[in-house]
Amino acid sequence: MSAVEATLAELGLTLPEVVPPLAAYQPAVQSGVYVYTAGQLPMVQGKLPVTGKVGAEVTPEEAKELARTCALNALAAVKSVVGDLDRIARVVKVVGFVASATDFTGQPGVINGASELLAEVLGDKGVHARSAVGVAVLPLDAPVEVEVQVELTEA
């Protein structure tokens, strides 16, 4: 077990299976020393636990937890490409999308769920640049979607 996966276990988390693509793309691709994930929905065992807009059908607190799930799914996608999460030198960038009610402006707080999880699991390597964007709708009516870019150590 890698050190990253041991940390996940200490936090009571298990790395999930990679979420299969919903369309014509790969869950993650490597280019040089970088891995870019596709947008990761908060799928749990192949299903969205909650759907709808944050600030309407979904509370900000629920959405923050869903963003954590997205980040966990992103780590699974990274592992599927590189085989060992200990190869992560750092998380470079996180982009979070929040399906928002028209008056909801708390997108950064929602995406903190993903950012905080990455910092808990990876320590200083998990600290990153970030964007948090409100959108009208996401695939499958998901409340949150997160994509991650990581830099790898040399193999």
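Residues numbered from 1 in each chain as written. Predicted model: local features only at pLDDT ≥ 70, side-chain atom pairs only at ≥ 80, totals over all residues. Heavy atoms only, no water.

**Observations regarding the pairing of strand β4 (residues 129–135)**
So, step 1. Direction of pairing for strand β3 (residues 88–99) relative to β4: parallel, over a ladder of seven bridges. From the neighbouring strand, K93 faces β4, where its bridge partner is A129.
So, step 2. In this region the chain leaves β3, passes through helix α3 (residues 107–122) and returns to the parallel neighbour β4; the handedness of that crossover is right-handed. (Pairing = 2+ DSSP bridges. Helix = DSSP H or I, 4+ residues; strand = E, 2+ residues; numbered from the N terminus. Right-handed = clockwise from strand over helix to strand, strands pointing away.)

**What about the packing of aromatic side chains?**
So, step 1. Scanning the entire structure with this criterion turns up one aromatic pair.
So, step 2. Aromatic side chains Y34 and Y36 sit 6.4 Å apart centroid to centroid with 40° between the ring planes, which places their arrangement in the tilted category.
So, step 3. Overall, the relative accessible area of 35% leaves Y36 in the partly exposed class. (Phe/Tyr/Trp six-rings, centres within 6.5 Å; stacked < 30°, edge-to-face > 60°. Buried < 20%, exposed > 50% of the residue type's maximum accessible area, 1.4 Å probe, protein only.)

**What about the nonpolar core?**
So, step 1. Ranked by size, the top nonpolar core spans 38 residues in total, and within it L75 and V144 carry the most contacts.
So, step 2. Those elements that place two or more of their residues in this core are α1 (3–10), α2 (60–82), β3, α3 and β5 (144–152).
So, step 3. Broken down by element, the residue count for this core peaks at twelve residues, all from α2.
So, step 4. Once residues lying within four places of it in the same chain are set aside, the contact partners of L75 are L15, L85, I88, L117, L118, V121 and L122.
So, step 5. Formed by seven residues, the second largest nonpolar core is a distinct cluster that contains V19, L41, M43 and A142. (Core = buried A, V, L, I, M, F, W, Y, C linked by side-chain atoms within 4.5 Å. Contact = heavy atoms within 4.5 Å.)

**With respect to the UniProt feature "domain: Endoribonuclease L-PSP/chorismate mutase-like" (unreviewed entry) in the protein chain**
So, step 1. According to UniProt, the "domain: Endoribonuclease L-PSP/chorismate mutase-like" (unreviewed entry) feature falls on residues 6–147.
So, step 2. Along residues 6–147, the helical share is 31% and the strand share 22%, with 23 Å between the first and last C-alpha atoms. (UniProt positions renumbered as here; feature names shortened; annotations may be inferred.)

**What to know about the environment of Q30**
So, step 1. Secondary-structure assignment places Q30 in strand β1 (residues 28–31).
So, step 2. A residue is classified by how much of its surface remains accessible, and Q30, at 38% relative accessible area, is partly exposed.
So, step 3. Excluding residues that lie within four positions of it along the chain, Q30 makes contacts with V35, V81, V82 and L152.
So, step 4. Engagement of the side chain of Q30 in a polar contact is seen with the backbone oxygen of G32, the distance being 2.9 Å. (Polar contact = N/O pair within 3.5 Å; in protein donor to acceptor, adjacent residues only side chain to side chain.)

**Details of the packing of α2 against α3**
So, step 1. Direction vectors running N to C along α2 and α3 enclose 45°, while the axes themselves pass 7 Å from each other. One way to sum up the angle between α2 and α3 is to call them oblique. In the crossing of α2 with α3, the sense of the turn from one axis to the other is right-handed. Where α2 abuts α3, its residues P60, A63, K64, A67, R68, A71, L72 and L75 lie against G109, V110, I111, N112, G113, A114, E116, L117, L118, E120, V121 and L122.
So, step 2. In terms of residue class, the contact of α2 with α3 is built from 13 nonpolar, three polar and four charged. (Axes fitted to C-alpha atoms, helices over the stretch in contact; angles between N-to-C directions. Parallel < 35°, antiparallel > 145°, perpendicular 65-115°, else oblique. Left-handed = near helix turned anticlockwise from the far one by under 90°. Nonpolar A, V, L, I, M, F, W, Y, C, P; charged D, E, K, R; others polar.)

**Brief notes about the packing of α1 against α3**
So, step 1. Orientation of α1 relative to α3, taken along the N-to-C sense of each, is 115°, at an axis distance of 8 Å. Where α1 approaches α3, its residues V4, T7 and L8 are matched on the opposing element by E120, V121 and L122.
So, step 2. Here the contact of α1 with α3 is built from residues that sort into four nonpolar, one polar and one charged.

**Some remarks on the sheet that holds β1**
By way of backbone hydrogen bonds, the strands of a sheet pair with one another, either parallel or antiparallel.
So, step 1. As summarised here, the arrangement of the five strands in space is β1-β2-β5-β3-β4, forming an open sheet in which the pairing is mixed. Since the sheet does not close on itself, it has two edges, and those belong to β1 and β4, each with one partner. In this sheet, adjacent strand axes meet at a mean angle of 15° when their direction is disregarded.
So, step 2. Where strand β2 (residues 34–37) meets β5, three bridges bridge the pair, whose relative direction is antiparallel. When the sheet's bridge partners are listed, Y36 is paired in β5 with Q149.
So, step 3. Packing of α2 onto the sheet brings it into contact with β1, β2, β3 and β5, and relative to β5 it is tilted by some 40°.

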